[in-house]
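# Inside the fold
The chain contents come next:
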Amino acid sequence: MFSSFHRNMAAAVTLALLSCFPAAVSSRRDVLALGDADFDYLATEHETMLVKFYAPWCGHCKKLAPEFEKAATRLKGTVQLAKVDCTAHSETCGRFGVSGYPTLKIFRNGRDSAPYDGPRSADGIYHYMKKQTGPDSIHLKSEEDLQTFINHYDASVVGVFSGADGSQLAEFLRAAALLRGQFRLAHAADLKLGEKHGVTSDHGLCPHMTVENRDALRVRDLLTAYYDLDYHRNIQGSNYWRNRVMKMASTFSGRGLTFSVANRKDFLFELEEDFGLGTSDGGGLPFITIRTKLGHKYTMREEFTRDGQSLQRFLDDYFAGRLKRYIKSEPIPERNTDAVKVVVAESFDDVVNDQEKDVLIQFYSRSCSHCKKLEPVYRELAETLSSDPNIIVAKMNAGDNDVPLGYDVQGYPTIYLAAVGRKEEPIRYEGGRELKDFLKFLKSELSPRQVVGGLKTEL
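Residues numbered from 1 in each chain as written. Predicted model: local features only at pLDDT ≥ 70, side-chain atom pairs only at ≥ 80, totals over all residues. Heavy atoms only, no water.

### Considering the packing of aromatic side chains
The condition is simple: Stacked, tilted and edge-to-face are the three classes applied to pairs of Phe, Tyr and Trp rings, where Trp contributes its six-membered ring and a pair requires centres within 6.5 Å; stacked means planes under 30 degrees apart, edge-to-face means over 60, and tilted covers the rest. Helix and strand definitions follow DSSP, with helices as H or I runs of at least four residues and strands as E runs of at least two, each counted in order from the N terminus. Each residue's exposure class comes from its accessible area (1.4 Å probe, protein chains only) as a fraction of the maximum for that residue type: buried when under 20%, exposed when over 50%, partly exposed otherwise.
The tally for this structure, following the rule as stated, stands at 23 aromatic pairs. Ring centres of F96 and F107 lie 5.0 Å apart, and the angle between their planes is 90 degrees; this geometry places the pair in the edge-to-face category. With F96 in the loop between α5 (90–95) and β4 (103–108) and F107 in strand β4, this residue pair connects regions lying eleven residues apart in the sequence. Considered together, F96 and F107 belong to a single accessibility category, that of buried residues. Taking 6.3 Å as the distance between ring centres and 20 degrees as the angle between the ring planes, the aromatic pair formed by F348 and F363 counts as stacked. In this pair, F348 is assigned in helix α13 (residues 348–351) and F363 in strand β15 (residues 358–364), connecting sequence segments 15 residues apart. As far as burial versus exposure is concerned, F348 and F363 are alike and both buried.

As structure tokens, this is what we get:
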């Protein structure tokens, strides 16, 4: 029989063990565990909440866990930190578009407000989320409120609107949720507050894009005007073009496009590489580009006129679907008869996204030694499968062609399989570099119906 002495000893040992790790136990309790059954009603109880979507087997998630727990304890009573195990609660994770782990999102009163793109250390999470408390944009109700807000050295944005119910203000507040980490934001629903500052009509949001905040801005479809912007040496000149962009931001508000301005000198390489715009183009006039959240790119080829009419025509064409996307691409090869088919950005959809073909696509660089070493094996693979008309082995020079959305190319060579029926979800190849490794991968990923011809013969 288990005596009272043994029970007391067991309890004493348990208490002693717990007392050795009080901080760890407390930290774990400070992170709220949510699931499919309770996410919606528990999330609405918190004004600001940071949610970690994770998988227990994920190495990055395990590394983040102790930092997340420490931050939860420091933020207790200010910002709630929570977690969702996506292996057990796939419905919730799917609803919020979680496709990788860990994914962190900021929620406000139960609503998915913005992605978390801050640091992953306890200190970093703490300081980043402290800035997320309170409203996205402060409502300025008097001239005194306005003066108090603008007498501040931090980067600030003020939207002035004719009323509280307009679409322009609603668009401003949606953008504010994404930008609050980079700017102090405020709004006024009375045009009289803007008269001293030359504001006589609704002004749309037009933040200054920098190298530091560009990723946060580009989570939405974004128009950017690049010119000699310098708020330290030339405030009047900087505002001259910005005011014309803001006028269009008001005209086209509520259409899902965010507007911004940037210093051209900070983005010279990007303008040339991503949009084909050289330093000698445009003279002193702004370059205008649109980059959508899907990665589609457009440039305004007409000169930016001082009356803003050229920008309006550009936007009319954009919203009407009349603009041709800019794609960085080598010419489509006139002859493509080798076993390994050459793909360029202009031919990617026709070849790789052919719904009747399984396509193995290698992204390479001309200077990559690993790519050169792989070349004979990759060619042998293509020749081995050449008798199968349903399988294409292809390659694309990623240095001179835009890599489509959905393909994460950080090094070379990077290889994906775009299989029939799964073109939207290409499968990254992580196996060995011998012929047998590629054949084994293809056999495992392609259905029996697809395993025909050369592949079936070889395997």
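Let's pick the thread back up.
### Digging into the sheet that holds strand β11 (residues 258–263)
Our working definition: Here the rule is simple: two strands pair whenever DSSP picks up at least two bridges between them. Contacts are assigned to residue pairs with any non-hydrogen atoms lying within 4.5 Å of each other. Every axis corresponds to a line fitted to the C-alpha atoms, with the helix fit spanning only the stretch in contact, and the corresponding angles, defined between N-to-C directions, vary from 0 to 180 degrees.
On the basis of which strands lie adjacent, the open sheet formed by five strands has the order β9-β11-β10-β12-β13 and mixed pairing. Both outer strands of the open sheet, β9 (208–209) and β13 (297–299), are each paired with one neighbouring strand and no more. In the packing of helix α11 (residues 268–275) onto the sheet, contacts are made with β10 (222–227), β12 (287–291) and β13, and the angle to β12 comes to roughly 60 degrees. Along the sheet face, helix α12 (residues 309–319) touches β10, β11, β12 and β13 and points at about 20 degrees away from the line of β12.

### Section: the side chain of Q80
Defined as follows: Throughout this description, a polar contact denotes any pair of N or O atoms lying within 3.5 Å of each other; where both atoms belong to protein, one of them has to be capable of donating a hydrogen while the other can accept it, and for residues adjacent in sequence the pair is counted only when both atoms sit in side chains.
For Q80, the position within the fold is in strand β3 (residues 80–85). A distance of 3.1 Å separates the side chain of Q80 from the backbone oxygen of D30, its partner in a polar contact. In this structure Q80 touches D30, V31, L32, H46, T48, M49 and L50, once residues within four positions along its chain are discounted.

### Points about the pattern of salt bridges
Working definition: two side chains of opposite charge can pair if their charged atoms are close together. Basically, it comes down to this: One side-chain nitrogen of Lys or Arg within 4 Å of one carboxyl oxygen of Asp or Glu is enough to make a salt bridge.
A complete count under the given rule lists 21 salt bridges for this structure. A salt bridge links E67 to K70, with the nearest nitrogen and oxygen atoms 3.8 Å apart. Of the two residues, E67 and K70 both sit in helix α4 (residues 59–74), three residues apart, roughly one turn of that helix. Relative accessible area serves as the criterion here: at 43%, K70 is assigned to the partly exposed category. One salt bridge connects R214 with E270, and the closest N-O pair in it is separated by 3.0 Å. In this pair, R214 is assigned in helix α9 (residues 214–217) and E270 in helix α11, connecting sequence segments 56 residues apart. Given the relative accessible area of 24%, R214 is considered partly exposed.

### Some points on the packing of helix α10 (residues 235–251) against α12
Using the following cut-off: For any helix crossing, the convention is left-handed if the near helix is rotated counterclockwise from the far helix by under a right angle, and right-handed if that rotation is clockwise.
At their nearest, the axes of α10 and α12 sit 10 Å apart, and the two run at 35 degrees to each other. Crossing geometry of α10 relative to α12 is assigned as right-handed. On the side of α10, the interface is formed by R244, V245 and M248, while α12 contributes L311, Q312 and L315.

### Side note on the packing of α4 against helix α6 (residues 122–130)
Using the following cut-off: Just so you know how the angles are binned, under 35 degrees is roughly parallel, over 145 roughly antiparallel, 65 to 115 roughly perpendicular, and the rest oblique. Any residue outside Ala, Val, Leu, Ile, Met, Phe, Trp, Tyr, Cys, Pro, Asp, Glu, Lys and Arg is labelled polar, Gly included; the first ten of those are nonpolar and the last four are charged.
It is at 8 Å that the axes of α4 and α6 come closest, and there the two elements cross at 45 degrees. The angle between α4 and α6 falls in the class oblique. Note that α4 runs across α6; the crossing there is right-handed. Of α6, the residues touching α4 (which contributes L64, E67, F68, K70, A71 and R74) are A122, D123, I125 and Y126. When the residues that make up the contact of α4 with α6 are grouped by side-chain class, the tally is six nonpolar, no polar and four charged.

### Notes on helix α15 (residues 435–445)
Note the following rule: The arc in question is traced by the directions running from the helix axis to the C-beta atoms.
Taken as a whole, α15 has its buried residues at L435, F438, L439, F441 and L442. Buried residues of α15 fall within an arc of 160 degrees about the axis and therefore sit on the same side. What points out from α15, more than 90 degrees from its buried face, is the exposed set K436, K440 and S444.

### Brief notes about the sheet that holds strand β5 (residues 111–115)
An order of β1-β3-β2-β4-β5 is seen for the five strands of this open sheet, with the pairing classed as mixed. Each edge of the open sheet carries a strand with a single partner, namely β1 (31–34) and β5. Averaged over all pairs of adjacent strands, the angle between strand axes in this sheet comes to 35 degrees, irrespective of strand direction. Across the face of the sheet, α4 comes into contact with β1, β2 (49–54), β3 and β4 while running at roughly 160 degrees to β2.

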